[in-house]
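Here is what each chain is made of, one letter per residue.
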Amino acid sequence: MSKKIAVLALQGAFAEHEKKLSELGIDGFEIRQLPDINRSYDGLILPGGESTVQGKLLRELGLFDPIKAQIEKGLPVFGTCAGMILLAQDIEGGEPAHLATMPVTVRRNAYGRQLGSFFTHDRFNGREIPMSFIRAPFISDIGSAEVLGETGGHIVAARYKNQLVTAFHPELCDDMYVYEYFLSMMK
């Protein structure tokens, strides 16, 4: 059975995720407005970009509550960078949480602004992969989630039930392992 993955396409790096899904032979489509969430899909990707803007647009377009409900009912979701911030239960510095479905605390722009962006190789779920960080957050408190990756002593990938998050951007690297891991989360 082929899988169908929705990609939130309100702002950010959604096209890059769609390209990776296509390279894997996975049928993907964009969620841009409320009727789009009525389509049938097996998983959802929340891309990098600007979490505050994405959170605001989710609310303005009426997508916030339905997407949160889908995640809470078990829809597999993969959040990269800003997507990780959208899913986090807490954000350091007093910023209000967005979807708040994953019991982790994140630190926004933890490595600094644009000049703090970097590329490295490190382990994700026991396998060394390339990791591209752009104004990246990290997880400062893992809560009850499982650590899947660390870089420089900071948690940069985690899983909690049906939710996967990375502070880095696998859509900007050639390696497909993180996508394969996400696809394996689907029943």
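Check the entry above for the structure.
Just so it is clear, the structure is predicted and the values come from calculations on it, not from any experiment. (Residues numbered from 1 in each chain as written. Predicted model: local features only at pLDDT ≥ 70, side-chain atom pairs only at ≥ 80, totals over all residues. Heavy atoms only, no water.)

Here we take up the pairing of strand β2 (residues 27-31). Relative to β2, strand β1 (residues 4-8) is paired through 5 bridges, and the arrangement is parallel. When the sheet's bridge partners are listed, K4 is paired in β2 with D27. You can see the chain leave β1, run along helix α1 (residues 14-23) and come back into β2, and the turn it takes is right-handed. (Pairing = 2+ DSSP bridges. Helix = DSSP H or I, 4+ residues; strand = E, 2+ residues; numbered from the N terminus. Right-handed = clockwise from strand over helix to strand, strands pointing away.)

Bringing empty space enclosed by the protein into the picture now. What the rule picks out here adds up to 1 cavity of 30 Å³ or more. Taken as a whole, the largest cavity encloses approximately 30 Å³ of empty space. For the largest cavity, the full set of lining residues is I129, P130, P170, C173, D175, Y177 and V178. Among the elements of the structure, β8 (127-133) and α5 (177-184) are those that each provide at least two residues to the lining of the largest cavity. When its residues are assigned to classes, the lining of the largest cavity shows 6 nonpolar, no polar and 1 charged. (1 Å grid on protein atoms, 1.4 Å probe; cavity = no way out; pocket = protein on both sides within 12 Å on 5 of 7 lines; lining within 4 Å. Points joined across faces, edges and corners; volume = space filled by probe spheres on them. Nonpolar A, V, L, I, M, F, W, Y, C, P; charged D, E, K, R; others polar.)

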